[in-house]
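Commentary on secondary and tertiary structure
These are the residues of each chain, in order.
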Amino acid sequence: HGLFGTLDNWQTLSRKFAESRMPVLVDQRNHGRSPHVDAHSYHLMAEDLATFLSDHWMHAVDVLGHSMGGKTAMRYALSYPDRVRKLVVVDMAPRTYPGGHETILDAMASIRVGGGDSVTGAEELSRKEIDQQLAQRIPEASVRQFLLKNLRRERAGGYSWKLNLPILSRDYPRILEPVTGNPWTGEALFVRGGRSGYIKDEDWPQVVALFPNAQLATIKEAGHWVHAEQPEQLYQVVEDFLRS
């Protein structure tokens, strides 16, 4: 999954993949139900994946990642070349990306989503009120609904963010960094959304420099969230690649 996402984003497609294989979904560090830790980088997320797979006796797997998860998947293949059978990267190139998520991080961090405050008299915010506060800085309803999936209801009242916002804000520049290393010669599939600018034509030389056996598929009617916008097309493209 990508930045602000969780493994839940892939539940629908995982049910399809489960018809012919065993999908395993993973929350990356500082996201979802995985631990909050005081560092965030692709090297560390690849190490997390290596540890998880080793602990579960999975030593040769097909790896699929979207956006930030795509760079984690690339980093894992470059670091552990013998432990990846096939690599699928959804709408992400290995290049450096410009920022653009700072407003979202700041907006989420500025909202007191916890329970009421007996000292100040502040009342517990409802989910609707949290959405209304986010809307002051994030006008796109679809983006807000995606972000609100990160709310966790607390037993003591109020909510908390599943995301480790302080660390993600501090280490955000590292999320934008490129993926580098010695080439991985296994079979790789890069899937881009036709209405997304995350994998441009001019990115392809950098892709094949690291992944010389890469192929590119474009799903024309999809933006960056390919798996949410065109799940059936993405499933078919990936399944055909894994079966070939």
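Here goes a summary of the coordinates provided. (Residues numbered from 1 in each chain as written. Predicted model: local features only at pLDDT ≥ 70, side-chain atom pairs only at ≥ 80, totals over all residues. Heavy atoms only, no water.)

**Thoughts on the packing of aromatic side chains**
Inspection of every chain in the model, using the stated rule, returns seven aromatic pairs. Where F17 meets Y235, the ring centres are 5.2 Å apart and the plane angle is 50°; that geometry is what we call tilted. In this pair, F17 is assigned in helix 1 (residues 11-17) and Y235 in helix 11 (residues 231-243), connecting sequence segments 218 residues apart. Each member of the pair, F17 together with Y235, is buried. Look at W184 and F211: their rings are 6.5 Å apart centre to centre, the planes differ by 70°, and that puts the pair in the edge-to-face class. Placement of W184 in the loop between helix 8 (172-175) and strand 5 (187-193) and of F211 in the loop between helix 9 (204-210) and strand 6 (214-219) is noted, with a sequence separation of 27 residues between them. (Phe/Tyr/Trp six-rings, centres within 6.5 Å; stacked < 30°, edge-to-face > 60°. Helix = DSSP H or I, 4+ residues; strand = E, 2+ residues; numbered from the N terminus. Buried < 20%, exposed > 50% of the residue type's maximum accessible area, 1.4 Å probe, protein only.)

**Examining unusual backbone geometry**
Although it is not a glycine, S67 sits at a positive phi angle of roughly 55°. Position of S67 among the secondary structure elements: in the loop between strand 1 (61-66) and helix 3 (68-79). Look at D91: it is not a glycine, yet its phi comes out positive at around 55°. Along the chain, D91 turns up in the loop between strand 2 (84-90) and helix 4 (102-110). Residue class for D91 comes out buried when judged on its relative accessible area of 0%.

**With respect to the pattern of salt bridges**
As enumerated under the stated definition, the model contains 14 salt bridges in all. The closest approach of N and O atoms between E229 and R195, which form a salt bridge, is 3.1 Å. Here the residue E229 occupies a position in helix 10 (residues 226-229), and R195 occupies one in the loop between strand 5 and helix 9, the gap between them amounting to 34 residues. Salt bridges sharing common partners tie together R21, D62, R85, E239 and R243. (Salt bridge = Lys/Arg side-chain N within 4 Å of Asp/Glu carboxyl O.)

**Description of the environment of W10**
Topologically, W10 is positioned in the segment before helix 1. In the structure, W10 is positioned 184 residues away from G194 in sequence and 20 Å away in space, judged by C-alpha atoms. Among all residues touching W10, those that are not within four sequence positions of it are H1, L25, L64, H66, V90, H227 and L234. (Contact = heavy atoms within 4.5 Å.)

**Some points on the layout of surface pockets**
Over the atoms rolls a probe the size of a water molecule, and its path tells where empty space is left. Put simply, the largest pocket is a space of about 1000 Å³. For the largest pocket, the lining is made up of 38 residues, of which V24, L25, V26, L49 and L64 are closest to its centre. Elements supplying a minimum of two residues to the lining of the largest pocket: helix 1, helix 2 (42-55), strand 1, helix 3, strand 2 and helix 11. Partitioning the lining of the largest pocket into residue classes produces 24 nonpolar, seven polar and seven charged. Here the second largest pocket is characterised by a volume of approximately 540 Å³. (1 Å grid on protein atoms, 1.4 Å probe; cavity = no way out; pocket = protein on both sides within 12 Å on 5 of 7 lines; lining within 4 Å. Points joined across faces, edges and corners; volume = space filled by probe spheres on them. Nonpolar A, V, L, I, M, F, W, Y, C, P; charged D, E, K, R; others polar.)

**Thoughts on helix 4**
Buried residues of helix 4: I104, L105, A107 and M108, and no others. Looking down the long axis of helix 4, one finds its buried residues gathered within 165° of arc, a one-sided arrangement. On its buried side, helix 4 packs onto helix 5 (127-135), helix 6 (141-148), strand 4 (159-161), helix 7 (165-170) and helix 8. (Arc of directions from axis to C-beta.)

Remember, this is a structural readout, not a statement about activity or role.
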